[in-house]
Amino acid sequence: MAHVLTVRPTACPRRLPPVLAVVAVVALLALPLAPGGGGGAHPADVVSALVVLYSALRLLRDRRRPLSRTAAVVLGLPVLGLAVAAVGAASPGAGPAGLGRYLQVFVLVPAAVLLLLRDRGDVRLLTWSMVGLALWQGAVGVHQYVTATGASYQGERIRAVGTFGPQDVMGMATVVSLGLVCAVGLALGRTPARQRLFAAGCALVLLLPLALSFSRGAWIATAVTCAAQLLLAGVRRALAVGAVVVAAAVVLVGGFGVGTAMLQERVGSITEVTDAPDQSVTDRYTMWAAAAEMWRERPLTGVGLKGFPEHRDAHASLALSSGSETDGAGAGYRRQPLLSPHNMYLLVLAEQGLIGLLALAGSWLGLLVLGLRRLIAERRDRGTVPDCAFVACGLLVWQLTDFAYADIGGPSTVLTAVCFGLAAWWALGSREQGVAGR
């Protein structure tokens, strides 16, 4: 009998996960910026636009409905206020520019991230990329502190700013804070013990560069968020981890000499803002008051997108300084004008009025409520909470807390868009999508 030769079909090559397009956006934030280079789009912003286009092309190819009705409403709600504010912009160019930026951060990129994330495996890949970016930027920041090559702080070039430069002193603090929140979320979830221990170690390591950023707003947002994550994981675990974090903070920061004194002074200044505030706090309160005055002038629609700088002097008191001074970290001395109130809620209220604030805040609140409700349902149905839930809800809580002390601006803003996308995936994605890759 003749031997019959059977030919097996060759296996199809494994396709790369679509989430790698979003990972590329995160990775590009590790690139160093030219010292003193201001303005222009960062490569991460350019690639984020390509990610939106890529997700749209995938939808056309697969011929599937882009978003659920709930997701379309929650993510599309900010468009209402933005359209009204863009029409009322002071100059013809300010409206489209401001509209594009807000749509990028709060609508288009989050929707693209939601569409490109397939399962929890993709979420973990993206989350670890954010932790890796934080470790890199944190390492650069610690090196700047040790070698006195950072941004100027109280006459010494010791402020850790990573690769973002002195013009964006909040960039490294934002990246490190978000990476720390991601690491805590990964450490609290139901993953193998080795992964949880590694994630916890990363979180402890990131405490040092976060401290050396001298960013009070980032400190407060990170403390609030990590406390919320731990409480969601259980009160007993929260107390145990809190004790470990306090001990680690003492060990990591305790031996830095003059830095310790400066850190103590910086921490103390958080509670002294009403007694003897420094000039930065005075400027911030003055701009907050100016933003409130703009809103009272036009309560429904605000002064228009990108209108705060033009109307600032007409509403600010004489206590406002002419600008902030930046120096060091590879750049020369420069005086930067104060062009925003450093409070996202007041910025939206001033430029978009009640219509814009209710639309944006309504979208954020919807994500938070839906995300927490799904987290509670997971605990009730399965007895445990996945790490993706802690990460997504933690990132959203961090952003909403930080918005009380900062607003959008700078290269790290694209990471804010990615965070809202992760939060949207957990809050608005289907339960079947979440279970896959568990």
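Residues numbered from 1 in each chain as written. Predicted model: local features only at pLDDT ≥ 70, side-chain atom pairs only at ≥ 80, totals over all residues. Heavy atoms only, no water.

What follows covers the overall build of the protein chain. Helices and strands together make up the secondary structure of the protein chain, namely 17 helices and four strands. Considering only contacts in the protein chain between residues 6 or more positions apart, those separated by 24 or more positions represent 79%. For the protein chain, the exposed area adds up to about 20,000 Å²; of that, 66% sits on carbon and sulfur atoms. (Helix = DSSP H or I, 4+ residues; strand = E, 2+ residues; numbered from the N terminus. Contact = heavy atoms within 4.5 Å. Areas by Shrake-Rupley, 256 points an atom, 1.4 Å probe, with all protein chains shown as cover.)

Enumeration according to the criterion identifies seven salt bridges in this entry. Of the charged contacts in the structure, one is a salt bridge between Glu-293 and Arg-296, with a shortest N-O distance of 3.0 Å. Linking Glu-293 with Arg-296, this pair stays in helix H12 (residues 279-297), spanning three residues, or about one helical turn. We classify Glu-293 as partly exposed; its relative accessible area is 37%. (Salt bridge = Lys/Arg side-chain N within 4 Å of Asp/Glu carboxyl O. Buried < 20%, exposed > 50% of the residue type's maximum accessible area, 1.4 Å probe, protein only.)

Moving on: the side chain of Ser-48. Residue position: Ser-48 is located in helix H2 (residues 43-62). For Ser-48, a relative accessible area of 1% puts it in the buried group. Contact partners of Ser-48, with chain neighbours within four places excluded, come to Val-25, Gln-104, Val-109 and Val-414.

Here we take up helix H4 (residues 78-87). Here H4 has its buried residues at Pro-78, Gly-81, Leu-82, Ala-85 and Ala-86. When H4 is viewed along its axis, its buried side chains cluster within an angular range of 135 degrees and face the same direction. Turned more than 90 degrees off the buried face of H4, the exposed positions are Leu-80 and Val-87. Here the buried face of H4 lies against helix H3 (69-76), helix H5 (94-116) and helix H14 (344-382). (Arc of directions from axis to C-beta.)

A word on the confidence of the model for the protein chain. Summing up the model confidence of the protein chain, the mean pLDDT is 83 and the portion of residues at 70 or higher is 81%. Looking across the protein chain, the model is least confident in helix H17 (residues 431-435), with a mean pLDDT of 51, and most confident in helix H1 (residues 20-28), with 96. Under a pLDDT of 50 for its full length, residues 9-13 has, in the predicted model, zero contacts with residues more than four places off or in other chains. Contacts from residues 34-38, a stretch scored under 50 in pLDDT, to residues over four places away or in other chains number five contacts. (pLDDT = per-residue confidence, 0-100.)

The next point concerns the packing of aromatic side chains. Going through the model one piece at a time under the given rule, you end up with 12 aromatic pairs. Ring geometry for Phe-403 versus Phe-420: centroids 6.4 Å apart, planes at 20 degrees, classification stacked. Pair noted here: Phe-403 is in the loop between helix H15 (387-402) and helix H16 (413-428) and Phe-420 is in helix H16, with a separation of 17 residues, a long-range link. The buried category is assigned to Phe-420, whose relative accessible area is 3%. Centroid distance Trp-425 to Trp-426: 6.3 Å. Interplanar angle 40 degrees. Geometry classified as tilted. On the basis of relative accessible area, Trp-425 is assigned to the buried category, the value being 1%. Among the residues examined, Trp-426 registers a relative accessible area of 0% and is labelled buried. Among the aromatic side chains, those forming a connected cluster through ring pairs are Tyr-102, Phe-106, Tyr-345, Trp-364, Phe-403 and Phe-420. A cation over an aromatic ring shows up here: Arg-374 above the ring of Trp-426, its NZ or CZ 4.3 Å from the ring centre. (Phe/Tyr/Trp six-rings, centres within 6.5 Å; stacked < 30°, edge-to-face > 60°. Lys NZ or Arg CZ within 6 Å of the ring centre and 35° of its normal.)

Attention now goes to the environment of Tyr-102. When you line up the elements, Tyr-102 lands in helix H5. In this structure, Tyr-102 is in contact with Leu-82, Val-107, Leu-305, Met-344, Leu-347, Val-348, Glu-351, Gln-352, Leu-360 and Ile-408, ignoring residues within four places of it in sequence.

In this section: the pairing of strand S2 (residues 156-159). On any regular strand, side chains alternate: one points to one face of the sheet, the next to the other face. In the sheet, strand S1 (residues 151-153) pairs with S2 via three bridges, with the strands oriented antiparallel. Bridge pairing in S2 links Tyr-153 to Glu-156. What sits between the antiparallel neighbours S1 and S2 is a turn of two residues, in which Gln-154 has the positive phi angle 50 degrees. (Pairing = 2+ DSSP bridges.)

Looking now at a nonpolar patch on the surface. A contiguous nonpolar surface patch, about 520 Å² in accessible area, is contributed by Leu-80, Val-84, Leu-300, Leu-354, Ile-355 and Leu-358. Listing elements by their share of the nonpolar patch, those giving two or more residues are H4 and H14. Per-element accounting of the nonpolar patch gives the leading share, three residues, to H14. Among the secondary structure elements, Val-84 is positioned in helix H4. Classification of Val-84 as partly exposed rests on a relative accessible area of 31%. (Patch = residues over 30% accessible without salt bridge, like charges linked within 9 Å, V, L, I, M, F, W, Y side chains within 5 Å.)

Below, the discussion takes up the side chain of Thr-163. Relative to the elements of secondary structure, Thr-163 occurs in the loop between S2 and helix H7 (169-188). Exposure remark for Thr-163: the relative accessible area of 10% places this residue in the buried category. Polar contacts involving the side chain of Thr-163 include one to the main-chain carbonyl oxygen of Leu-31, which spans 3.5 Å. Here Gln-137 takes part through its side chain, which lies 2.8 Å from a polar atom of the side chain of Thr-163. (Polar contact = N/O pair within 3.5 Å; in protein donor to acceptor, adjacent residues only side chain to side chain.)

Next up on the list: the packing of H7 against H15. One can describe the packing of H7 onto H15 by two numbers: an axis separation of 7 Å at closest approach and a directional angle of 150 degrees. Taken together, the axes of H7 and H15 are roughly antiparallel relative to one another. Considering only the axes of H7 and H15, their crossing is right-handed. Here Thr-174, Ser-177, Leu-178, Val-181, Cys-182, Gly-185, Leu-186 and Leu-188 of H7 lie close against H15, whose contacting residues are Asp-387, Phe-390, Val-391, Gly-394, Leu-395, Trp-398 and Gln-399. Residue composition of the contact of H7 with H15, by class: nine nonpolar, five polar and one charged. (Axes fitted to C-alpha atoms, helices over the stretch in contact; angles between N-to-C directions. Parallel < 35°, antiparallel > 145°, perpendicular 65-115°, else oblique. Left-handed = near helix turned anticlockwise from the far one by under 90°. Nonpolar A, V, L, I, M, F, W, Y, C, P; charged D, E, K, R; others polar.)

Interaxial distance between H14 and H16 falls to 8 Å at its minimum, and their mutual angle equals 50 degrees. Considered as vectors, H14 and H16 are oriented oblique to each other. In this structure, H14 crosses over H16, and the sense of that crossing is left-handed. Of H16, the residues touching H14 (which contributes Trp-364, Leu-367, Leu-370, Gly-371, Arg-374, Leu-375 and Glu-378) are Phe-420, Ala-424, Trp-425, Trp-426, Ala-427 and Leu-428. Within the contact of H14 with H16, the residues separate by chemical class into 10 nonpolar, one polar and two charged.

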